[in-house]
Amino acid sequence: MKLILNKSVLAALPLAIALAGCAPSHEVANPPQQQIPASHVSMDLPAAVKNGWPQTDWWKDYHDPQLNNLIQRALANAPDMQIAEQRIRLAEAQARMSQANLGPEMDFSADIERQRMSAEGLMGPFATDTDGNTGPWYTNGTFGLTAGWDLDLWGKNRALVKARIGELKAQVAEQAQTRELLSGSVARLYWQWQTEAAIKAVLQQVKNEQNNIVTVDKALYQRGITNSAEGAENDINVSKTDQQLADVTGTMKARLMALTNSQSQSLNLKPASLPTVSAQLPDTLGYELLARRPDLQVAHWYIEASLSEMDAAKAAFYPDINLMAFLQQDALHLSDLFRHSAQQMGVTAGLTLPIFDSGRLNANLDIASAQNSLSIAQYNKAVVDAVNQVAKTASQVETLMAKSQQQQQVEKDAQRVVDLAQARMAAGILPGSRVSMAKLPALQERITALRLHGQWIDASIQLTSALGGGYHQTVK
């Protein structure tokens, strides 16, 4: 009876080790507190910009084929978009690899071995040509199936799958962020070019009126009615206008060509009317703000991935249990390889228990914990930056809108002066040059209005980008 008890204890010893023994783990530092969602943050915005969310292809609201073509070309040819796409493919492949590790695997193997037996070794009896043996040379053959399955009792492999899926979702969100940054940059440059083209047209009108004044002054000077100082001053004004015309041509078209990867093609842009753009925001801003900014989704999914990495690192402290099986044909002579008697099979349950690893598992857990804390800190920063960016750009939109409205009144006042001068000229009270002189201030006010309009469009595009550009998370 005592012997039976001792045998029972010995038989239960591996199970006791499996349940009680593993490499000791230490406590990890608490991660930083995750930023409170945007629903708890005050983000009051001007009423002028609370009209609804931007759509994914928000630039199509301008109804400008030139802009649509530019952005389409940029998204198709940009190296940054190609890099983002390849990162997604890599993340997908890594996720599939992790998923495959959850299931069993089976291999077929076959080998042939030609061997001379040693008369002094374990196979010594087969090393002499006696009793019908064919030694000392033999041709050994083996073929069959082997299978294995990691049971993943503690969820280490499942946690790694979740981590890879989180990283895949982060890469999809990064691609959306790249798309938004690129389309926003193209749209801003395009409307800056259109604003400068409109200003150039007005400057040309300014130059025409100035030339008219110069022509009249020259005629009056030749008749001795005016002095040369007035003519010189008018010539200087014409030169300044020429300089402004040269400045507004700028390098924006070259920058657009670089963004759209169109160095070998001419853009052939044509002037278009500046649109009145409505910034799009909902009446109330809550957690939806986070869901519509790809950079915040990137940070969110990296947190999810790091949490799963921590779960996998913790599960690594527990024993692994693997099931293995084989079904083979094995014969010392090839002529016997396919006989039923050459068949061998077996099933093995294997247990791997970490006892001492010089701190490797704890170091791996510390790495996963630090990565999780870093991801949370980056997320918190992204939330704060998002709130500040929305508030700042929305304020700019409202300020520029108010300035534009004030400028419209200034333009109207300047135009009344022009209308009065034209009426007096029609009555024969004023010469034509005086009408030209009255038009110059009105044209300058028009240039100011165009600049404000262009700045307002630019701020509206920045606000759209601050709201995520209509981004929606679609990966399940």
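Rules of the game
- Residues numbered from 1 in each chain as written.
- Predicted model: local features only at pLDDT ≥ 70, side-chain atom pairs only at ≥ 80, totals over all residues.
- Heavy atoms only, no water.
- Helix = DSSP H or I, 4+ residues; strand = E, 2+ residues; numbered from the N terminus.
- Buried < 20%, exposed > 50% of the residue type's maximum accessible area, 1.4 Å probe, protein only.
- Contact = heavy atoms within 4.5 Å.
- Areas by Shrake-Rupley, 256 points an atom, 1.4 Å probe, with all protein chains shown as cover.
- Axes fitted to C-alpha atoms, helices over the stretch in contact; angles between N-to-C directions.
- Parallel < 35°, antiparallel > 145°, perpendicular 65-115°, else oblique.
- Left-handed = near helix turned anticlockwise from the far one by under 90°.
- Nonpolar A, V, L, I, M, F, W, Y, C, P; charged D, E, K, R; others polar.
- Pairing = 2+ DSSP bridges.
- Core = buried A, V, L, I, M, F, W, Y, C linked by side-chain atoms within 4.5 Å.
- Salt bridge = Lys/Arg side-chain N within 4 Å of Asp/Glu carboxyl O.
- Patch = residues over 30% accessible without salt bridge, like charges linked within 9 Å, V, L, I, M, F, W, Y side chains within 5 Å.
- Expected span 1.5 Å × (residues − 1).
- pLDDT = per-residue confidence, 0-100.
- Phe/Tyr/Trp six-rings, centres within 6.5 Å; stacked < 30°, edge-to-face > 60°.

Engineer: Could you give me a rundown of the overall build of the chain, with the residues and numbers involved?
Structural biologist: Each helix and strand in the chain was counted, giving 10 helices and 4 strands. Reading the secondary structure of the chain in the N-to-C direction produces α-α-α-β-β-α-α-α-α-α-β-β-α-α. Taken across its 476 residues, the chain has 39% of its residues classed as buried. Considering only residue pairs separated by 6 or more positions, the chain has 85% of its internal contacts joining residues 24 or more positions apart. Entry remark: accessible area of the chain is about 27500 Å², with carbon and sulfur atoms responsible for 55%.

Engineer: Can you explain the packing of helix 8 (residues 294–315) against helix 9 (residues 360–426)? Please cite residues and give values.
Structural biologist: For the pair helix 8 and helix 9, interaxial distance at closest approach is 8 Å and the crossing angle is 165°. Judged by the inter-axis angle, helix 8 sits roughly antiparallel to helix 9. Note on packing geometry: the crossing formed by helix 8 with helix 9 is left-handed. In this structure, helix 8 uses Leu-296, Ala-299, His-300, Tyr-302, Ile-303, Ser-306, Leu-307, Glu-309, Met-310, Ala-313 and Lys-314 to contact helix 9, whose residues at the interface are Asn-364, Leu-365, Ala-368, Ser-369, Gln-371, Asn-372, Ser-375, Ile-376, Tyr-379, Ala-382, Val-383 and Ala-386. For the contact of helix 8 with helix 9, the residue count by class is 14 nonpolar, 7 polar and 2 charged.

Engineer: Describe in detail the sheet that holds strand 2 (residues 137–150), supporting the description with residues and values.
Structural biologist: Spatial strand order, 1-2-3-4: 4 strands in an open sheet with antiparallel pairing. Each end of this open sheet is capped by a strand with a single partner; those strands are strand 1 (105–116) and strand 4 (343–352). Put simply, the sheet's adjacent strands are angled 20° from each other on average, direction ignored.

Engineer: Can you explain the nonpolar core? Please cite residues and give values.
Structural biologist: Membership of the largest hydrophobic core comes to 44 residues, with the highest contact counts inside it found for Tyr-62, Leu-67 and Trp-191. Listed by contribution, the elements that provide at least two residues to this core are helix 2 (65–77), helix 4 (156–222), helix 6 (252–259), helix 9 and helix 10 (432–466). Among the elements that take part in this core, helix 4 stands out by supplying 13 residues, more than any other. Among the nonpolar cores identified, the runner-up in size contains 8 residues, and Leu-296, Ala-299, Tyr-379 and Ala-382 belong to it.

Engineer: Explain the pattern of salt bridges to me, and be specific about the residues and the numbers.
Structural biologist: By the definition in use, this model includes 15 salt bridges. Taking the shortest distance from any N to any O, the salt bridge between Arg-89 and Glu-85 comes out at 3.2 Å. Here Arg-89 and its partner Glu-85 are both found in helix 3 (residues 79–100), 4 residues apart, which amounts to about one turn of the helix. Glu-85 gets classed as partly exposed once you look at its relative accessible area, which sits at 34%. Notably, a salt bridge pairs Asp-152 with Arg-158, separated by 3.4 Å at the nearest N-O pair.

Engineer: Which residues make up the pairing of strand 2, and what values do they have?
Structural biologist: The pairing of strand 1 with strand 2 spans 12 bridges and is antiparallel. Within strand 2, the position partnered with Ser-109 by the bridge is Gly-144.

Engineer: Let's hear about unusual backbone geometry: which residues, and what values?
Structural biologist: Despite not being glycine, His-63 has its phi angle at roughly 55°, a positive value. By the element assignment, His-63 lies in the loop between helix 1 (2–20) and helix 2. With a phi close to 60°, Ser-358 is a non-glycine residue in the positive phi region. For Ser-358, the position within the fold is in the loop between strand 4 and helix 9. Among the residues examined, Ser-358 registers a relative accessible area of 55% and is labelled exposed.

Engineer: With reference to specific residues and values, describe a nonpolar patch on the surface.
Structural biologist: A grouping of Met-106, Phe-108, Leu-145, Leu-327 and Met-345 is seen on the molecular surface, where their side chains present a nonpolar patch of about 540 Å² in accessible area. By the secondary structure assignment, Leu-145 is in strand 2. On the basis of relative accessible area, Leu-145 is assigned to the partly exposed category, the value being 36%.

Engineer: Describe helix 8, naming the residues involved and giving the relevant values.
Structural biologist: Here helix 8 contains 22 residues, and its C-alpha end-to-end distance of 32 Å stays within 8% of the 32 Å for a straight helix at 1.5 Å per residue. Taken across its 22 residues, helix 8 has 16 buried, putting it largely inside the fold.

Engineer: Before we move on, can you summarise the confidence of the model for the chain with the specific residues and values?
Structural biologist: The pLDDT averaged across the chain works out to 78; a share of 72% of its residues lies at or above 70. Per-element mean pLDDT across the chain ranges from 45 in helix 1 up to 91 in helix 3. Below a pLDDT of 50 lies the segment residues 16–21, which in the model reaches 7 contacts outside its immediate sequence neighbourhood of four places, other chains included. Note that pLDDT drops below 50 for residues 38–50; the model gives that stretch 31 contacts with residues more than four away or on any other chain.

Engineer: Can you explain the packing of aromatic side chains? Please cite residues and give values.
Structural biologist: Within this structure, the stated rule accounts for 6 aromatic pairs. Ring centres of Trp-154 and Tyr-318 lie 5.1 Å apart, and the angle between their planes is 35°; this geometry places the pair in the tilted category. A residue pair is termed long-range when its members are at least 10 positions apart, and Trp-154 in the loop between strand 2 and helix 4 and Tyr-318 in the loop between helix 8 and strand 3 (320–331) qualify at 164 residues. Trp-154 sits in the partly exposed class, given a relative accessible area of 41%. Arranged with centres 4.9 Å apart and planes meeting at 70°, the rings of Tyr-190 and Trp-191 form a pair that is edge-to-face. Classification of Trp-191 as buried rests on a relative accessible area of 2%. Here a set of aromatic residues connected by ring pairs shows up, and it is made of Tyr-62, Tyr-190 and Trp-191.

Engineer: Can you break down the environment of Leu-181 residue by residue, with the values?
Structural biologist: Examined against the element boundaries, Leu-181 turns out to sit in helix 4. Owing to a relative accessible area of 55%, Leu-181 belongs among the exposed residues under this scheme. It is 9.1 Å that separates the C-alpha atoms of Leu-181 and Gly-469, two residues lying 288 residues apart in sequence.

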